[in-house]
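# Examination of the molecular architecture
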Amino acid sequence: MILDSKIPPGSIENKWTDYKFQMKLVNPANKRKHKIIVVGTGLAGASAAASLAELGYNVHSFTFHDSPRRAHSIAAQGGINAAKNYPNDGDSVHRLFYDTVKGGDFRAREANVHRLAEISTQIIDHCVAQGVPFAREYGGLLDNRSFGGAQVSRTFYARGQTGQQLLLGAYQSLMRQVGLGAVKLHTRREMLDVVVVDGQTRGIIVRNLVTGELERHEADAVVLATGGYGRVFYLSTNAVGCNVTATWRAHKRGALFANPCFTQIHPTCIPVTGDHQSKLTLMSESLRNDGRVWVPKTAGDKRSPEKIPESERFYFLEEKYPSFGNLVPRDVASRNAKQVCDQGLGVGETGLAVYLDFSDAIKRLGKDKIAEKYGNLFQMYDKITDENPYQVPMRIYPAVHYTMGGLWVDYNLMSNLPGLHVLGEANFSDHGANRLGASALMQGLADGYFIIPHTIGHYLASNKIPKVTTDHPAFVDAENSVKARQDKLLAVKGNKPAMEFHRQLGKVMWDYCGMARNEAGLKIALDEIPKIREAFWKEVSVTGSGQDLNMALEEAGRIADFLEFGELLVLDAYTRRESCGGHFREESQVGEGEALRDDNNFCHVAAWEFKGVGQKSELHKEPLAFDNVHLTQRSYK
Amino acid sequence: MAKNPVTAYLSSSIGRKQIMGLSGVYLYFFLLVHLAGNIGMLSGAEHFNSYAYLLLHTLKEIIYPVECTLVAAFLLHVYLGIKVTIENRAARPERYAVNASKAKQGPYAKYMFVSGMWLLIFVLVHVPHFRMGLYSEIGTVTYDGVEMRDLYGAAMHFFAKGWFTAFYVISFLFLFNHLAHGVGSSLQSVGLNHPRYNAAIQFISKAYAVVITGGFTAIAIWAYFQRGV
Amino acid sequence: MNQKLSFLLRLWRQKDGNSQGKFQEIRMKDIPPDMSFLEMLDEANNDLIRKGEEPVAFESDCREGICGTCSLVVNGLPHGSDPGTTVCQLFMRRFNDGATITVEPWRAKAFPVIKDLVTDRSAFDQIISAGGFVSVNTGGAPDANATAIRKCDADTAMDAAACIGCGACVAACPNASAMLFVSAKVSHLGHLPQGQPERERRVVRMVQKMDELGFGNCSNRYECEAACPKEISVEHIARMNRDYGFASLLGTERERGNSGAG
């Protein structure tokens, strides 16, 4: 299979502008005749559905939540990047582009990233016009703060709830279109299959989660914006409902899955306390603006933090990376935290934590200023740990947060299945092997507000899309296969809750495919996952029926998909024998644990084709070219 | 759909609440005037009866229309109170098995309907009795050749009965409850809430309730102890 | 902190919206104090599944207090007794060992029960759909710094915008009124210059929709504010009352326009 990224010709600065002119348009009067399905209502999905409806398309929006506003984009805390250069500190579109390509460890497409950087400024303009209450200075203009991997302040924020405010902006635009009758909203519907008719993606099968009914929906094009797969690790900062099901089912229908091993481990999360935990809680990266990360210099130092004098503290990020200090990119910060803990320097009961200390900042700025900047985060930390971070340093440890991998898409954000478009975290496109902080919101909204409205029109205008009805055999087949899988789950009648298998899978994934990976461990994981999957299908207990609200059935279905997908993730990690970004292969390092990329062999996107459960997937490579950013080993020293 | 905005306002939850609040405020002001008049009882029969004669005879062209607006405000207030309460009950068809409260508000808000219903009964007793002389004949007295109703005598006669005074005092307690929540609440309903003044509003609201109900209660009890004098 | 706790749970079970519900009692033992309330319910459900019984349906998602999905009334209080907390952020260390804990769904006519502890809160979406937005299409927005906004206005707007749409205000209100939710959106957009062009129309339409959906009337009891996990102030309700009065009685919005869609 040849992977055509469809990157337009021309200089990097002009590609998107020129391409917008090259693309075909749909006549305004004809737009209403095109039905578009958008699955997911997070930043990407809601912004896409709203923008497409504004243009006049007949949009059907689906979410498995009770309301579009629940999508997990809402939990993003820190901010959104934009190359506005309001602080006059030397930012530009090119610098944002450069930082993102470098931050992604040279595993993203230059053209996509440049487009993202260009659009970033429009996003801020649009969100302000929607009434998003970004933080402001006394003069009434917008405030910025710094984030990891950048030496400029380009992050816009709304307290520690930026994702919430941006999502509500998109949600409100979506609900406006619902009120106008331009979007038909389908809540509590879980997408369980895509339907491909004569090579074109023409619909989806969803389960009505209240009645259990399976529904067929046909359309001229389908947009998936269903988020990431971090929950394959069981414990992550993702919402407990986040899942891979929609993208995995599309993958099983032929869509390629790209770079699944690129998962982001976020450095500042509240450490694990016990087996009972259902999720981990993130403490925004913005905390690293003022918090200093340290551990005691001596292993086994059990003194309480305030009793450890300055001279016996190891500020490992500041010492190793003097120019970026505590604001190194996430992968670097996480790996260093792991290293010091592996050396026995970790703190807290489990020894798997490092301090994030605000005492200097409180001394310098005062408690009130710190409370104004991070109040809600401090409060959240206090609630969860029962410790007051104004008095004692926070304890933090890395946790799975974001997944850079996803369905393969071309420059138009269309997968290799014609008509199937993939946006936001669900696609693989812009972040390479590591995502910089405050870039996820930017990408989701760029995809939804400013890219898909153009490219989907081009697809619709340049392809013949014959009429189909949901009686078509492809729809019948898809519904039957969904029904069969659901019946199979209900028929196992074992005695173990599905969650147990999820925990087992998560442990294997974290132990062997977490912050650091090696060949031997990955082999074990490749061995273990099919065993867990087999046990699942023999022993799982799914109570109730398929005819009503059955959360046990929903959960088991999602876990069954994770048990298939996890194997692909590990296979990708096994195949990529280099360290890059969030993927650290122990066989490939220099000096004291610095990642070593192998550009000769792995400067490509690994896109996997499904060949059957338990069958080895087939690898297709899309080579990456770097004409504008020089391929170098990353350094933040 | 195309409803006149004013009609829509009158049937909306907020509109009705504001009308209820404003009619309540009107009635509260009436109470202040009523109390001021009643204090006149302390200066004796002639003074009080002459005051009543002045209001209801000499100034009747002014007072009767005012009374009509009071009756209207009262009926509207009662009607909306009952209607809104019925709707509120219907908004939660299945009650909670366990009830608890987190609000820092005093207990008064909780008893608005009960106190309102009691006050309705009170008004149905009080107004026909003293204003209209329905339950018993009110005698007459003559000062300087002018014949007038002996309201003072009637009041003294009735407050001499312990159960009658008790009914009044209990009613004033309900009135206190109604005012203690109502004054501040009506301001919130019309949108007067500002952190800078909220403490003052709360204080004035409670103080007003204390003055009004304290005044009426004091007069009733004073009248009770005048028996046999 | 290592001492384990035990509880008697009384969980509301209701097959669907048309059925009668009742409480099911479940004993929980060996609960670590730093377990969250929902993790304890997960454990209770896993025990039920092992016994082949249907688990209790309850909703949650982000489990960090921001998505607004979780919605349990714990011992008569929406989201439990902690101030400014969603039930997903409630930890078992906040309960006494041996306590009886009664868990009920949000109860309101406008939030019908779907199953057990799950209710339908789509009424909130309908209210937003009626006017809780700024009508701007994608593209064509002026530069973000073109309009200066007073910091205090942006901050107050943010206070109101912090609403997570969980519905605890309705659940806590003795009248099941949605005033705090609606006023939070009216006040958020009303404080910003971007919200001014539609300010009258927004408040009129949102209140009208709220009234249609069977929520009760506000009686200024302020249970909503006390239950709100984001501690949104009833000042916003006063502001909405004011805006609504002015918009309805003195508003200059053309009457025909008041009823047109969108």
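On a predicted model such as this, the values are computed, not experimentally measured, just so you know.

Definitions and limits used
Residues numbered from 1 in each chain as written. Chains lettered and ligands numbered in written order. Predicted model: local features only at pLDDT ≥ 70, side-chain atom pairs only at ≥ 80, totals over all residues. Heavy atoms only, no water. Domains from an automatic or database assignment. Contact = heavy atoms within 4.5 Å. Buried area = accessible area lost by both parts, 1.4 Å probe. Salt bridge = Lys/Arg side-chain N within 4 Å of Asp/Glu carboxyl O. Helix = DSSP H or I, 4+ residues; strand = E, 2+ residues; numbered from the N terminus. Axes fitted to C-alpha atoms, helices over the stretch in contact; angles between N-to-C directions. Parallel < 35°, antiparallel > 145°, perpendicular 65-115°, else oblique. Left-handed = near helix turned anticlockwise from the far one by under 90°. Nonpolar A, V, L, I, M, F, W, Y, C, P; charged D, E, K, R; others polar. Buried < 20%, exposed > 50% of the residue type's maximum accessible area, 1.4 Å probe, protein only. Expected span 1.5 Å × (residues − 1). Bend = angle between axes of the 7 residues up to and from the residue. Polar contact = N/O pair within 3.5 Å; in protein donor to acceptor, adjacent residues only side chain to side chain. Core = buried A, V, L, I, M, F, W, Y, C linked by side-chain atoms within 4.5 Å. Disulfide = S-S within 2.5 Å. Pairing = 2+ DSSP bridges. pLDDT = per-residue confidence, 0-100. Phe/Tyr/Trp six-rings, centres within 6.5 Å; stacked < 30°, edge-to-face > 60°.

## Thoughts on the domain arrangement of chain A
All names here are of chain A. Per the domain assignment, the segments of chain A are domain 1 (266–401) and domain 2 (482–602). When each unit is reduced to the centre of its C-alpha atoms, the spacing between domain 1 and domain 2 is 29 Å. Listed per partner, the contact involves 13 residues of domain 1 and 11 residues of domain 2. Counting each side, the surface lost to burial between domain 1 and domain 2 is near 890 Å², with a carbon and sulfur contribution of 55%. For the pair domain 1 and domain 2, the number of links is 0 salt bridges. Looking at the side of domain 1 that touches domain 2, the elements with two or more residues in it are α9 (330–342) and β15 (394–403). The dominant element in the side of domain 1 that touches domain 2, judged by the number of residues it contributes, is α9, at 5 residues.

## A word on the packing of helix α2 (residues 13–39) of chain B against helix α4 (residues 60–90) of chain B
For any two helices packed against each other, the geometry comes down to the angle between their axes and how far apart the axes lie. Residue and element names in this part refer to chain B. Two elements in contact, α2 and α4, have axes whose closest approach is 9 Å; the angle formed by their N-to-C orientations is 140 degrees. In terms of orientation, α2 lies oblique with respect to α4. Considering how the two elements wind past one another, α2 and α4 form a crossing that is left-handed. From α2, Arg-16, Ile-19, Met-20, Ser-23, Gly-24, Tyr-26, Leu-27 and Phe-30 reach across to α4, where they touch Val-66, Thr-69, Leu-70, Ala-73, Phe-74, Leu-76, His-77, Leu-80, Gly-81, Lys-83 and Glu-87. Looking at the contact of α2 with α4 residue by residue, the class counts come to 11 nonpolar, 5 polar and 3 charged.

## Some remarks on the interface of chain B and chain C
Taken together, the contact pairs 40 residues of chain B with 56 residues of chain C. Carbon and sulfur atoms supply 52% of the area buried between chain B and chain C, which totals about 3800 Å² over both sides. Of all residues in chain B, Ile-14, Tyr-96 and Lys-102 of chain B give up the largest surface area on contact with chain C, accounting jointly for 19% of the area buried on that side. Across the chain B-chain C interface, the total number found is 0 salt bridges. When contributions to the side of chain B that touches chain C are tallied by element, the ones reaching two or more residues are α1 (5–11), α2, α4 and α7 (162–189) of chain B. Residues belonging to the side of chain B that touches chain C are distributed by class as follows: 19 nonpolar, 13 polar and 8 charged.

## A short note on the pattern of salt bridges
Enumeration according to the criterion identifies 76 salt bridges over all chains in this entry. Between Arg-503 of chain A and Glu-43 of chain C there is a salt bridge; the shortest N-O distance is 3.5 Å. Here the residue Arg-503 of chain A occupies a position in helix α14 (residues 498–513), and Glu-43 of chain C occupies one in helix α1 (residues 37–50), the pair thus bridging two chains. Each of Asp-105, Arg-107, Asp-331, Arg-335, Arg-576, Glu-578, Arg-597, Asp-599 and Arg-634 of chain A takes part in salt bridges that share partners, so that together they form one network.

## As for the side chain of Thr-455 of chain A
All names here are of chain A. Of note, Thr-455 is situated in helix α12 (residues 440–462). Residue classification places Thr-455 among the buried residues on the basis of a relative accessible area of 1%. Thr-455 has contacts with Trp-16, Met-23 and Asn-412, leaving out every residue within four places of it along the chain.

## As for helix α16 (residues 551–575) of chain A
All names here are of chain A. Its 25 residues give α16 an end-to-end C-alpha distance of 36 Å, which sits within 8% of 36 Å, the value for a rise of 1.5 Å per residue. Largest kink in α16: about 25 degrees, centred on Glu-564. With 21 of its 25 residues buried, α16 lies for the most part within the structure. Two or three places before Ala-552, at the opening of α16, Asn-550 has a side-chain oxygen 3.2 Å from that residue's backbone nitrogen.

## Points about the arrangement of the chains
Highest in contacts among the 2 pairs of chains that touch are chains A and C. The least C-alpha distance between chain A and chain B, which are not in contact, is 15 Å.

## What about unusual backbone geometry?
The bulk of non-glycine residues show a negative phi, and the bulk of peptide bonds are trans. Residue and element names in this part refer to chain A. In the Ramachandran plot, Asn-88 falls in the positive-phi region, its phi being about 65 degrees despite a non-glycine side chain. Position of Asn-88 relative to the elements: it lies in the loop between β3 (80–81) and α4 (93–103). Its relative accessible area of 65% is what places Asn-88 among the exposed residues. We note that Arg-188 has phi near 50 degrees; this positive angle belongs to a residue other than glycine. Turning to its location among the elements, Arg-188 is positioned in the loop between β5 (183–186) and β6 (189–197). Classification of Arg-188 by relative accessible area gives buried; the value is 8%.

## Regarding the nonpolar core
One finds Ile-80, Phe-134 and Phe-536 of chain A together with Phe-215 of chain C to be the most contacted residues of the largest nonpolar core, which totals 236 residues. Here Phe-536 of chain A is in contact with Leu-489, Val-492, Ala-498, Phe-501, Ala-556, Ile-559, Ala-560 and Leu-563 of chain A, once residues within four sequence places are set aside. Counting 32 residues, the second largest nonpolar core, distinct from the first, contains Tyr-28, Leu-31, Met-41 and Phe-159 of chain B.

## Overview of the state of the cysteines
On inspection of all chains with the given rule, the structure shows 0 disulfides over all chains. In this structure Cys-127 of chain A is a free cysteine whose sulfur lies 19 Å from that of Cys-163 of chain C, the closest cysteine sulfur available.

## What to know about the sheet that holds β6 of chain A
Residues and elements named next belong to chain A. An order of β6-β7-β8 is seen for the 3 strands of this open sheet, with the pairing classed as antiparallel. Each having just a single partner strand, β6 and β8 (214–218) make up the two edges of the open sheet. Geometrically, the sheet is characterised by an average inter-axis angle of 25 degrees between neighbouring strands, direction not taken into account. Across 5 bridges, the pairing between strand β7 (residues 200–208) and β8 is antiparallel.

## Focus on the confidence of the model for chain C
Averaged over all residues, the pLDDT of chain C equals 95, while 96% of them reach at least 70. Confidence over residues 256–262 of chain C falls short of pLDDT 50; this stretch has 16 contacts with residues more than four positions distant or in other chains.

## Comments concerning the pairing of strand β11 (residues 263–269) of chain A
Residues and elements named next belong to chain A. In terms of burial, β11 is a largely internal element, 7 of the 7 residues being buried. Sheet analysis places β11 next to β15, joined by 5 bridges and oriented antiparallel. Each residue of the ladder has a partner; that of Cys-269, found in β15, is Tyr-397.

## A word on the domain arrangement of chain C
Residues and elements named next belong to chain C. In terms of domain boundaries, chain C breaks down into domain 1 (5–114) and domain 2 (121–259). The gap between the C-alpha centroids of domain 1 and domain 2 is 30 Å. Facing the 19 residues of domain 1 at the interface are 20 residues of domain 2. Summed over the shared surface of domain 1 and domain 2, the result is 1 salt bridge.

## Quick notes on the interface of chain A and chain C
Listed per partner, the contact involves 80 residues of chain A and 76 residues of chain C. Counting each side, the surface lost to burial between chain A and chain C is near 6500 Å², with a carbon and sulfur contribution of 52%. It is Arg-70, Arg-176 and His-276 of chain A in chain A that bury the most area against chain C; as a group they hold 10% of the surface buried on that side. Where chain A meets chain C, there are 10 salt bridges. Among the ionic pairs, Glu-500 of chain A bridges to Arg-50 of chain C, the shortest N-O distance being 2.7 Å. Scanning the region where chain A abuts chain C turns up 44 residue pairs in polar contact (both at pLDDT 80 or more). Top element by residues in the side of chain A that touches chain C is helix α6 (residues 162–179) of chain A. It accounts for 10 residues. In terms of residue class, the side of chain A that touches chain C is built from 33 nonpolar, 29 polar and 18 charged.

## A closer look at the pairing of strand β5 (residues 100–104) of chain C
Residue and element names in this part refer to chain C. When you tally the buried positions in β5, you get 4 out of 5 residues, the bulk of the element. Relative to β5, strand β1 (residues 5–13) is paired through 4 bridges, and the arrangement is parallel. Bridging across to β5, Leu-9 finds its partner in Ile-101. Where strand β3 (residues 73–74) meets β5, 2 bridges bridge the pair, whose relative direction is antiparallel. Bridging across to β5, Val-73 finds its partner in Glu-104.

## What about the environment of Ala-130 of chain C?
Residues and elements named next belong to chain C. If you trace the backbone, Ala-130 turns up in helix α2 (residues 122–131). Taking relative accessible area as the criterion, Ala-130 reaches 8% and is therefore assigned buried. On a C-alpha basis, the gap between Ala-130 and Val-204 in space is 9.4 Å, while along the polypeptide they are 74 residues apart. Look past the residues within four positions of Ala-130 in its chain and what remains in contact with it is Arg-205, Met-206 and Lys-209.

## Overview of the packing of aromatic side chains
All names here are of chain A. Following the criterion strictly, the structure yields 47 aromatic pairs over all chains and no others. When the ring of Phe-106 is compared with that of Phe-626, the centres are 5.7 Å apart and the planes differ by 80 degrees; the resulting orientation is edge-to-face. With Phe-106 in the loop between α4 and α5 (110–130) and Phe-626 in the segment after β21 (618–623), the pair connects residues that are 520 residues apart, well separated along the chain. Pair check on accessibility: Phe-106 and Phe-626 agree, each one buried.

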